[in-house]
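# Topology and contacts: notes
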Amino acid sequence: MNHWEVYDQLLDQVSQSLDDGRREMLLRVEGLRCRACVRRLERALPPGPVEAQADVASGSCLLNWDPACLPLSAVLQAIDDAGFRPVVLADDASRRTARDERRAALGRIGVALLFGMQVMMLASGEYLGEIDPALRPLLRHAQWLLATPVVLYAGWPFLRQGFGALRALSPTMDTPVAIAIATAYLASAINTLLDTGAVYFDSAAMFVLLLSLARFVEAHGRTRAAARLRLLAGAQPLAALRREQGQLLEVPTSALRAGDLLVVPPGAAVAADGELICAAAALDESLITGEAVPRERRQGEAVCAGSVNAGPLPLELRVSSAGARSVLSQLTRLMQRAQLAKPRAQQLADRIAGRFVGVVLLLAAATGAYWIGSGAELGMSLQTMLAVLVVTCPCALSLATPMAHAAASTRLAREGLMLVQVDALHAATRVDTVCLDKTGTLTTRRMRLQEVRTLSTLDADACCAVASGMEAGLNHPIAQAFRDACPQAPAIPSRLDGVQGLRAETTDGVWHLSRLPSTTTDCAGAIHALRWLELSRDGRPVARFALQEQLRPGAGAMVRRLREMGLEVVLFSGDGQQAASGVAELAGIAGAQGNLLPEQKLRRLAALQAAGHRVLAVGDGINDGPMLAAADVSIGLADGAALAQAHGDAILIQDNLEAIAGLLQVARQARRIVVQNIGWAIAYNLTLLPLAMSGALPPWLAALGMGGSSLLVTLNAQRLLGAVGSGHLPVPLVRAAQT
Amino acid sequence: MNSLFLLIPLAIAMVVLAAGFLFAAIQGGQFDDLERHQHRMPDDEP
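In this text, all values refer to a predicted model and were calculated from it rather than measured experimentally.

Let us look at the overall build of chain B. Helix and strand content of chain B: one helix and zero strands. For chain B, with 46 residues in total, the buried portion stands at 15%.

The next point concerns the packing of aromatic side chains. Residues and elements named next belong to chain A. Applying the stated rule across the entire model yields five aromatic pairs over all chains. Both rings, one in Tyr185 and one in Phe201, keep their centres 5.9 Å apart while their planes meet at 70°; by these two values the pair is edge-to-face. Taken together, the positions of Tyr185 in helix H8 (residues 174–194) and Phe201 in helix H9 (residues 201–232) put the pair 16 residues apart, joining distant regions of the chain. Judged by relative accessible area, which is 11%, Tyr185 ranks as buried. With a relative accessible area of 1%, Phe201 lands in the buried category. Above the face of the Tyr153 ring, Arg108 is positioned so that its terminal group lies 5.2 Å from the ring centre.

Our focus in this paragraph is the sheet that holds strand S12 (residues 302–303) of chain A. Residue and element names in this part refer to chain A. Within the open sheet, the six strands sit side by side as S7-S6-S8-S14-S9-S12. Their pairing is antiparallel. The two strands at the open ends of the sheet, each matched to only one other strand, are strand S7 (247–252) and S12. Examined bridge by bridge, strand S8 (residues 261–264) and strand S14 (residues 315–321) share four bridges and lie antiparallel to one another. Bridge pairing in S14 links Val264 to Leu315.

Residue and element names in this part refer to chain A. The biggest cluster of nonpolar side chains holds 100 residues, and the ones touching the most others in it are Leu436, Leu442, Leu616, Ile635 and Leu664. Among the elements that line this core, the one with the most residues is helix H24 (residues 658–693), at eleven residues. With residues up to four places along the chain from it excluded, the contact list for Leu436 reads Leu442, Met558, Val569, Val570, Leu571, Phe572, Ile589 and Val618. With 31 residues, the next largest nonpolar core counts Met25, Leu45, Val50 and Leu63 among its residues.

On to helix H6 (residues 136–154) of chain A, then. All names here are of chain A. Taking 1.5 Å per residue as the helical rise, H6 with its 19 residues ought to reach 27 Å, and the 26 Å between its terminal C-alpha atoms agrees with that figure. Along H6, the sharpest kink reaches roughly 30°, centred on Ala147 and followed within four residues by the proline Pro149. When H6 is considered as a whole, its buried residues turn out to be Leu138, Leu139, Arg140, Ala142, Gln143, Leu146, Ala147, Val150, Val151 and Ala154.

Let us now look at the packing of H6(A) against helix H1 (residues 3–27) of chain B. The N-to-C vectors of H6(A) and H1(B) enclose an angle of 15°; their axes lie 10 Å apart at closest approach. Considered as vectors, H6(A) and H1(B) are oriented roughly parallel to each other. Considering how the two elements wind past one another, H6(A) and H1(B) form a crossing that is right-handed. Contacts from A:Leu138, A:Leu139, A:Ala142, A:Leu145, A:Leu146 and A:Tyr153 of H6(A) reach H1(B) at B:Leu4, B:Phe5, B:Ile8, B:Ile12 and B:Phe23. The residue inventory of the contact of H6(A) with H1(B), partitioned by class, reads eleven nonpolar, no polar and no charged.

Now for the state of the cysteines. All names here are of chain A. The full count for this structure, using the stated rule, is zero disulfides over all chains. Looking at Cys463, it has no disulfide partner, and the nearest cysteine sulfur is the one in Cys464, 8.2 Å off. Summary of cysteine pairing: Cys464 is not part of a disulfide, and the nearest cysteine sulfur, belonging to Cys486, is at 4.2 Å. The exposure class of Cys464 is buried, given its relative accessible area of 7%.

This brings us to a nonpolar patch on the surface. Residue and element names in this part refer to chain A. Residues Ile190, Leu193 and Leu194 make up a contiguous nonpolar surface patch of about 330 Å² in total accessible area. Mapped onto the elements, Leu194 comes out in helix H8. Overall, the relative accessible area of 57% leaves Leu194 in the exposed class.

Residues and elements named next belong to chain A. Two strands pair when backbone bridges link them, and strand S19 (residues 501–506) and strand S20 (residues 509–515) are joined in this way by six bridges, in the antiparallel orientation. When the bridges of S20 are listed, Glu505 appears paired with Val510. Where S19 folds back onto S20 in an antiparallel hairpin, the turn is made up of two residues. The sheet contact formed by S20 and strand S21 (residues 531–537) spans five bridges and is antiparallel. In the sheet register, Ser514 faces S21, and the bridge partner there is Glu534.

Here the focus is the confidence of the model for chain B. Close inspection of predicted coordinates is inappropriate for parts of the model with low pLDDT. The share of residues in chain B with pLDDT of 70 or more is 72%, and the mean pLDDT across the chain is 80. Here the predicted complex carries an ipTM of 0.88, next to a pTM of 0.58.

To continue, consider the sheet that holds strand S23 (residues 568–572) of chain A. Residue and element names in this part refer to chain A. The strand order across the open sheet built from seven strands is S15-S27-S26-S25-S16-S23-S24, with neighbouring strands paired in mixed fashion. The open sheet terminates on both sides in strands that have one partner only, identified here as strand S15 (417–419) and strand S24 (591–593). Averaged over all pairs of adjacent strands, the angle between their axes in this sheet comes to 20°, without regard to strand direction.

So, about the pattern of salt bridges. Residues and elements named next belong to chain A. With the rule as written, the count across this model stands at eleven salt bridges over all chains. Measuring nitrogen to oxygen at the nearest pair gives 3.1 Å for the salt bridge that ties Arg243 to Glu316. Placement of the pair is Arg243 in strand S6 (residues 239–244) and Glu316 in strand S14, with a sequence separation of 73 residues. What makes Arg243 partly exposed here is its relative accessible area of 30%. Note that Arg297 and Glu301 form a salt bridge whose closest N and O atoms lie 3.7 Å from each other. On the accessibility criterion, Glu301 (28% relative accessible area) is partly exposed. Counted as one network, the salt bridges with shared partners bring together Arg242, Glu244 and Asp260.

Thresholds, definitions, all that
- Residues numbered from 1 in each chain as written.
- Chains lettered and ligands numbered in written order.
- Predicted model: local features only at pLDDT ≥ 70, side-chain atom pairs only at ≥ 80, totals over all residues.
- Heavy atoms only, no water.
- Helix = DSSP H or I, 4+ residues; strand = E, 2+ residues; numbered from the N terminus.
- Buried < 20%, exposed > 50% of the residue type's maximum accessible area, 1.4 Å probe, protein only.
- Phe/Tyr/Trp six-rings, centres within 6.5 Å; stacked < 30°, edge-to-face > 60°.
- Lys NZ or Arg CZ within 6 Å of the ring centre and 35° of its normal.
- Pairing = 2+ DSSP bridges.
- Core = buried A, V, L, I, M, F, W, Y, C linked by side-chain atoms within 4.5 Å.
- Contact = heavy atoms within 4.5 Å.
- Expected span 1.5 Å × (residues − 1).
- Bend = angle between axes of the 7 residues up to and from the residue.
- Axes fitted to C-alpha atoms, helices over the stretch in contact; angles between N-to-C directions.
- Parallel < 35°, antiparallel > 145°, perpendicular 65-115°, else oblique.
- Left-handed = near helix turned anticlockwise from the far one by under 90°.
- Nonpolar A, V, L, I, M, F, W, Y, C, P; charged D, E, K, R; others polar.
- Disulfide = S-S within 2.5 Å.
- Patch = residues over 30% accessible without salt bridge, like charges linked within 9 Å, V, L, I, M, F, W, Y side chains within 5 Å.
- Areas by Shrake-Rupley, 256 points an atom, 1.4 Å probe, with all protein chains shown as cover.
- Salt bridge = Lys/Arg side-chain N within 4 Å of Asp/Glu carboxyl O.
- pLDDT = per-residue confidence, 0-100.

Put into structure tokens, the structure is as follows:
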């Protein structure tokens, strides 16, 4: 019996069955650091029944195994035995959907490119000069044949969405696109059959190709960001250890009921809200409160689902509420509500497009009616009508924005920022206030031992060694800071001493390491000293330690650049006011507010928005989720809690905050380019429209102008990419070890 | 000029063949993950 067996019952929740009876699942694997680790992991699994693809970059492993041959628990145990810690994630069907969509999109682009090139080559003959009338039908039929897969297969999403929206009487930007593609294709087909006029298969093919490319680049950034998020989504454990008649049994979280007794091993997350039964425990509640330092809880106190046992011993609790009623789930719902209230910029664009297409169709119809009415022959009237449709084709207009957005996403990705919501680029141009979270956002989750003040004859190094030894078994930022400062200190067995700290008994006496109340004034000399600990022997103080939180790289540069752009920067923190002000001063931020609960952060932010400010929020913990969802634009951090990122408009994947200032700059640049592009497209359409209506512009010339116009808009957008090679390689954020 | 009657169908056939290869590559998963393989270089990270 191993404790992975619970996952055999949860097979449907954690994995997906494939056609051939095998199953597939994505695991997060901790301890996967290099190529050698990958080999070690892959060698630990029997190669036939299990196929594993481990990925160092994301710390994940894609498992494909045969459940008939080998139960999942055996696979997990094998990974565990090889020295890794597998973290089982809830299965997410969207991963496979995203993969299939990507394949389909690539196939469409490939078809548009391969067949489109042939069409354009064959079409070039007619542009270059007179074609032998005997050969013309051959060339045109060949173009028709080659253009058909481009229009009907590669262009199918545009046709379906465009005409679908038209049928629902709510035309979108796809509608004029669909009409233009269909018209060019059908008119060319008719002209081919009648062997008269001109054909525009090449225009249709190029248009489909350019549009598909722009949409693909746009969507690609989003799927990549989403894939990263899913890996980190291990916040709510899927299984818990339940005590039943003296026995420990691993059960699914969904089977937990109020009153169950749970045991949480060190380093594991609590699966349900409950009440502590053991004497004392240290809990890392950073997911809920954002507070980086673990809180000591005593018997009878409440414990939240999602908090992590940071102490050296297993803790025990009695479940008070599980599932949908837990604090974690409620925070998630709070976040969803705030998200629903967001305005949709897209609807406006679609409304404009709807009117535009209405006007275009009316104009084309009016032109045809006029020419027929004035006694011109039918062929001539049709040609003029088609010229009007082609010339008013919103190709450049519909490419103007997506091309610029695609270029902006690529540029931002190079700078270390993943754009999840493309709409955010537009909103970011109007941002005038930036709200930052402190712990885990402006600062790293690590602390540094800044200063040791001795209060007795014992020297600083000795005090440090004792404190470090006492913290040795623990896994939280303070213990980490001592380990960094004094790596060789021998471990001293210690235990939690109520709410105040640690206690250890050695031959030298009884040691206490305790947190000083934040109100202690005699220690508050230096602004960097944010947290103080006191070490005492037999009740007499021996030394005091000052621990400093470390700013994330680029924090100062980001604040400076934001200031230069005329933005206001404020800090909202769940930590004490003193700590918040200290960090703010370090980063050069003027306004810092501490002691804020998630609801209070949300209220402060709403007050800012009510005062007419547009707010960009940056945060990481779930406690920032509501704030991120309500802000005009939000940025989540990739090493933060999964939910906060899922709700960010953009995700910082590089350990450099300066990219946040980059987002605002690129957004402003993108806006300028979109305005230029739209201006050009409208000016072009308006200038040529009278010419086309008067019959002075043959359709093939209109098509040539349309192609040139699309190309110009595309090239203009490429300016957003900036100088190639100027961006340094993004350094991936090192995920804080799961405590 | 009669050669075009042979060459154009030939070109179309080759395009169809190329598209077939492309689809086989896409369905085989060759383009699923363009990020991962840069980390699979034989040298180990520190």
